[in-house]
Amino acid sequence: MSTTFPRSRKSRPGYNIDQVEDFLEEARRAYSADRGDLSVVNAASIRHMAFGMQKGGYSTSHVDAALERLEDAFAARERERAFATSGDAAWYAQARNSAQQILDRLARPAGQRFNRTGPFTAGYDRKDVDAFADRLVGYFQNGKPMSVDQVRMVVFRPRKGGYNETQVDLLLDAVIDVMLAVR
């Protein structure tokens with residue numbers, strides 16, 4: 001019986017234990033691999049990892065917290081490798097370019113920053129997203145404090161006719177990438 005993470009109660013869903021263990025083993029191999037070895041596991045793939053659910057599975061909050069730490073470790077390693085191969089100036093130039101693309105999107109007028117869903121389809125509440133977008137602008141332009149976890153954990157209320165969730169999520173992923181790049 002595996003005890004990598006606490007388990008949910010037998011009657012409650014948690015992450016599929018075998019899937020989590022298999023992924024962690026793959027991540028261990030990828031992290032300890034030589035620089036030249038290609039791996040499908042990287043910071044971005046960790047962020048997008050999803051597991052099936054099972055009753056009595058691993059505690060979702062514990063696994064999610066571990067995945068966030070693992071993402072941070074892979075991002076730091078990717079940054080170190082990029083510094084070694086192309087130099088820190090090229091790495092930071094790419095991060096600045098990505099940050100500018102984010103700011104260009106957020107410079108659009110409130111209520112028009114992303115495509116909207118149809119009148120009968122739920123999306124993210126535009127006011128919630130726009131308020132968070134304003135905080136992101138403060139972070140990027142004025143250096144106002146914001147953590148990666150605040151971006152990872154942001155929750156927007158659902159609203160019919162709201163912003164397209166995929167577009168908003170992709171922008172948040174780009175923000176996380178930039179934040180991890182310049183850490």
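Relevant structure appears above.
Thresholds, definitions, all that
- Residues numbered from 1 in each chain as written.
- Predicted model: local features only at pLDDT ≥ 70, side-chain atom pairs only at ≥ 80, totals over all residues.
- Heavy atoms only, no water.
- Helix = DSSP H or I, 4+ residues; strand = E, 2+ residues; numbered from the N terminus.
- Buried < 20%, exposed > 50% of the residue type's maximum accessible area, 1.4 Å probe, protein only.
- Polar contact = N/O pair within 3.5 Å; in protein donor to acceptor, adjacent residues only side chain to side chain.
- Contact = heavy atoms within 4.5 Å.
- Salt bridge = Lys/Arg side-chain N within 4 Å of Asp/Glu carboxyl O.

**Notes on the side chain of arginine 152**
Consideration 1: Looking at the element boundaries, arginine 152 is found in helix H6 (residues 148-153).
Consideration 2: Given the relative accessible area of 17%, arginine 152 is considered buried.
Consideration 3: For arginine 152, the side chain forms a polar contact with the side chain of glutamate 71, separated by 3.0 Å.
Consideration 4: Discounting residues that sit within four places of it in the chain, arginine 152 has contacts with Glu68, Glu71, Asp72, Ile176 and Leu180.

**Topic: the pattern of salt bridges**
Consideration 1: Here the structure, examined in full by the defined rule, presents 14 salt bridges.
Consideration 2: Note that arginine 29 is salt-bridged to glutamate 25, the shortest N-O span being 3.6 Å. Of this pair, arginine 29 and glutamate 25 both sit in helix H1 (residues 17-32), four residues apart, which is roughly one turn of that helix.
Consideration 3: Where aspartate 134 meets arginine 113, a salt bridge forms, and the shortest distance between an N and an O atom there is 3.0 Å. Linking aspartate 134 in helix H5 (residues 126-142) with arginine 113 in the loop between helix H4 (88-106) and strand S3 (122-124), this pair joins segments that are 21 residues apart in sequence.
Consideration 4: The class of aspartate 134 is partly exposed, set by a relative accessible area of 44%.
Consideration 5: Sharing partners across several salt bridges, the network here consists of Arg47, Glu71, Asp72, Asp149, Arg152, Asp173, Asp177 and Arg183.

Just geometry here; none of it tells us what the structure is for.
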